[in-house]
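A look at the structure
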Amino acid sequence: MTRICHADILFFMFSLLTRIFIKNYDDVKNPAVRQQYGTLSGFYGIFLNIALFAIKLVAGLISKSIAITADAMNNLSDAGASIITVLGFKLSGKKPDKDHPFGHGRFEYITGLFVSVLILMMGFELLKSSASSVLHPEPVNGTLLSVIILVISICVKAYMYFFNHKVSKKINSASMEATAKDSLSDTVSTFVVLISTVIYMLNLTNLPVDGIAGLFVSLFIIKNGIESVRDTIQPLLGQPPEKEFVEEIERLVMSHEIVEGIHDLIVHDYGPGRVMVSLHAEVDGTKNIFDIHDEIDNIEVELGEKFNCTATIHMDPIDINSREIKELKELVKTCAEEIYADLTIHDLRIVPGTTHTNVLFDLVKPHECTIPDSELSEMLSKKVNDLKPKYFCVIKVEPPFV
């Protein structure tokens with residue numbers, strides 16, 4: 001008989017719920033489907049967290065345990081967070097309007113940040129009450145019922161972690177992953193409360209274990225709140241796109257023969273499922289501009305369909321037949337790498353003159369490079385001029401966008 005592991009059962013339950021409540025559940029690039037995943041997870045979290053809050057509160061009042069009561073309040077805050085998560089997914093799904101032409105997708109990040117702040121506030125309140133319990137301990141009446149409730153809570157929270165983690169991976173949601181981490185932290189903290197309750201029941205120590213466990217739980221909540229703030233504020237500030245996403249875009253664009261190279265790739269994130277991509281594509285300047293434009297339009301459509309984004313491509317005509325430009329480009333590239341290994345150049349062109357030739361190009365300086373722009377330009381210009389005295393560089397230094 002084939003052995004069925006717990007992970008298989010959990011995955012079956014996850015698949016069953018998504019199939020029942022989400023139409024076209026595999027079309028995760030569709031904003032409407034993505035919203036349904038977030039809503040399902042949110043309502044599921046509300047139901048389970050309120051149930052856990054109720055039974056833990058009863059157990060905490062019966063046993064007079066500050067740690068169990070603190071854990072119950074943590075579940076109540078999680079239920080509130082789930083309500084805000086549902087609202088966030090609902091608001092983020094609103095269509096673009098006059099005041100928000102790029103949609104409302106960032107509502108998901110904003111509500112995630114709001115939830116993170118609530119978690120922090122709850123954590124500090126519980127830290128205060130737990131510290132008071134350590135300084136002024138009261139007797140705790142640990143019961144078998146309390147132990148059973150805590151064991152059930154650990155199992156439920158572990159399942160919630162699995163469910164939210166699966167949803168976050170399915171729809172690529174930072175806020176859902178933060179919710180999953182919150183459930184994992186709750187699992188650990190509730191386990192600590194369980195241990196403290198058992199210690200009291202067995203009368204193994206006279207230390208204020210209940211208050212100490214409450215401190216541990218509150219610190220866990222605060223740690224989780226700080227991490228959630230960081231994870232939700234990053235996309236609001238404007239974080240770089242994932243490396244794999246950038247590489248996929250580059251591969252698709254470069255697969256077209258008409259494109260000789262690309263640069264200035266920028267990914268604008270206006271919320272999950274609302275991405276704008278812009279880039280410069282280098283094309284043969286001797287070809288028919290109407291034919292090139294037609295092919296570039298086709299690439300934009302292909303990008304939009306594959307990555308569910310809005311794509312804009314700027315054509316950069318280059319002279320691919322000039323031996324002088326090819327050799328000069330290689331020379332400048334080598335000189336730049338001698339100064340700093342990750343420097344790159346693009347848009348190199350020349351303006352010939354009677355006594356000298358101006359070499360114009362853009363120099364992309366990584367964020368890690370600490371050499372000032374003016375000093376960098378001077379160093380590179382000197383290197384090129386020392387090797388080729390007739391060339392004078394006109395350099396525009398810019399940061400990378402991906």
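In case you missed it, the structure is sitting above this.
Residues numbered from 1 in each chain as written. Predicted model: local features only at pLDDT ≥ 70, side-chain atom pairs only at ≥ 80, totals over all residues. Heavy atoms only, no water.

Regarding its fold elements, the chain presents eleven helices and six strands. Principal-axis analysis of the C-alpha atoms places the extent of the chain at approximately 95 × 55 × 45 Å. In the chain, which comprises 402 residues, the share counted as buried stands at 45%. Accessible surface, the chain: about 21800 Å² in total, of which carbon and sulfur atoms supply 62%. Of the charged side chains in the chain, 36 are positive and 50 negative, and the gap between their average positions amounts to 6 Å. (Helix = DSSP H or I, 4+ residues; strand = E, 2+ residues; numbered from the N terminus. Buried < 20%, exposed > 50% of the residue type's maximum accessible area, 1.4 Å probe, protein only. Areas by Shrake-Rupley, 256 points an atom, 1.4 Å probe, with all protein chains shown as cover. Lys, Arg positive; Asp, Glu negative; His and termini not counted. Charge placed at Lys NZ, Arg CZ, Asp CG, Glu CD.)

Turning next to the pairing of strand E4 (residues 344–352). The pairing of E4 with strand E5 (residues 357–364) spans seven bridges and is antiparallel. Within E5, the residue paired with Ile-345 across the bridge is Leu-363. (Pairing = 2+ DSSP bridges.)

Further remarks concern the environment of Arg-106. Within the element layout of this structure, Arg-106 appears in the loop between helix H3 (66–92) and helix H4 (107–135). Judged by its relative accessible area of 31%, Arg-106 is partly exposed. For the pair Arg-106 and Gly-93, spaced 13 residues apart in the sequence, the C-alpha separation amounts to 9.7 Å. Sequence-distant contacts of Arg-106, defined by excluding residues within four places in its chain, comprise Leu-236, Asp-269, Tyr-270 and Gly-271. Of the polar contacts made by the side chain of Arg-106, one reaches the backbone oxygen of Asp-269; its length is 2.4 Å. (Contact = heavy atoms within 4.5 Å. Polar contact = N/O pair within 3.5 Å; in protein donor to acceptor, adjacent residues only side chain to side chain.)

All right, on to the packing of aromatic side chains then. Per the counting criterion, the structure on display carries four aromatic pairs. A ring pair is formed by Tyr-44 and Tyr-159, whose centres lie 5.9 Å apart and whose planes are at 90°; its orientation type is edge-to-face. Of this pair, Tyr-44 sits in helix H2 (residues 31–63) while Tyr-159 sits in helix H5 (residues 144–171), and the two are 115 residues apart along the sequence. Residue classification places Tyr-44 among the partly exposed residues on the basis of a relative accessible area of 22%. Look at Tyr-159 and you get buried, because its relative accessible area is 9%. (Phe/Tyr/Trp six-rings, centres within 6.5 Å; stacked < 30°, edge-to-face > 60°.)

Structurally, His-346 is set in strand E4. In this structure His-346 comes out as buried when scored by relative accessible area, which is 5%. Here the side chain of His-346 touches Asp-264 through a polar contact of 3.3 Å, side chain to side chain.

The next point concerns helix H10 (residues 323–339). Its 17 residues place the ends of H10 25 Å apart at the C-alpha level, agreeing with the 24 Å of an ideal helix rising 1.5 Å per residue. The complete set of buried residues in H10 reads Ile-325, Leu-328, Leu-331, Val-332, Cys-335, Ala-336 and Ile-339. In an axial view of H10, the angular spread of the buried residues amounts to 130°, which keeps them on one side of the axis. Facing away from the buried side of H10, by more than 90 degrees, are the exposed residues Arg-323, Lys-326 and Glu-338. Where H10 is buried, its residues meet E4, E5, helix H11 (373–387) and strand E6 (391–398). (Expected span 1.5 Å × (residues − 1). Arc of directions from axis to C-beta.)

This part covers the side chain of Ser-381. The residue Ser-381 is located in helix H11 in this model. Within the local environment of Ser-381, its side chain forms a polar contact with the backbone oxygen of Ser-377, the two atoms lying 2.8 Å apart. If we ignore the near neighbours within four places in the chain, the residues touching Ser-381 are Cys-393 and Ile-395.

On to the pattern of salt bridges, then. A full pass over the atoms with the stated rule returns eight salt bridges. The partner of Lys-157 in a salt bridge is Asp-78, with the nearest N and O atoms 3.1 Å apart. Residue Lys-157 is found in helix H5, and its partner Asp-78 is found in helix H3; the two are separated by 79 residues along the sequence. Each of the two residues, Lys-157 as well as Asp-78, counts as buried. (Salt bridge = Lys/Arg side-chain N within 4 Å of Asp/Glu carboxyl O.)

It is worth spelling out the packing of H5 against helix H6 (residues 174–202) at this point. Two quantities define a packed helix pair, namely the angle between the axes and the distance from one axis to the other. The N-to-C vectors of H5 and H6 enclose an angle of 165°; their axes lie 8 Å apart at closest approach. Here H5 lies roughly antiparallel to H6, going by the angle between them. Crossing of H5 against H6: the hand is left-handed. When the residues that make up the contact of H5 with H6 are grouped by side-chain class, the tally is 18 nonpolar, ten polar and four charged. (Axes fitted to C-alpha atoms, helices over the stretch in contact; angles between N-to-C directions. Parallel < 35°, antiparallel > 145°, perpendicular 65-115°, else oblique. Left-handed = near helix turned anticlockwise from the far one by under 90°. Nonpolar A, V, L, I, M, F, W, Y, C, P; charged D, E, K, R; others polar.)

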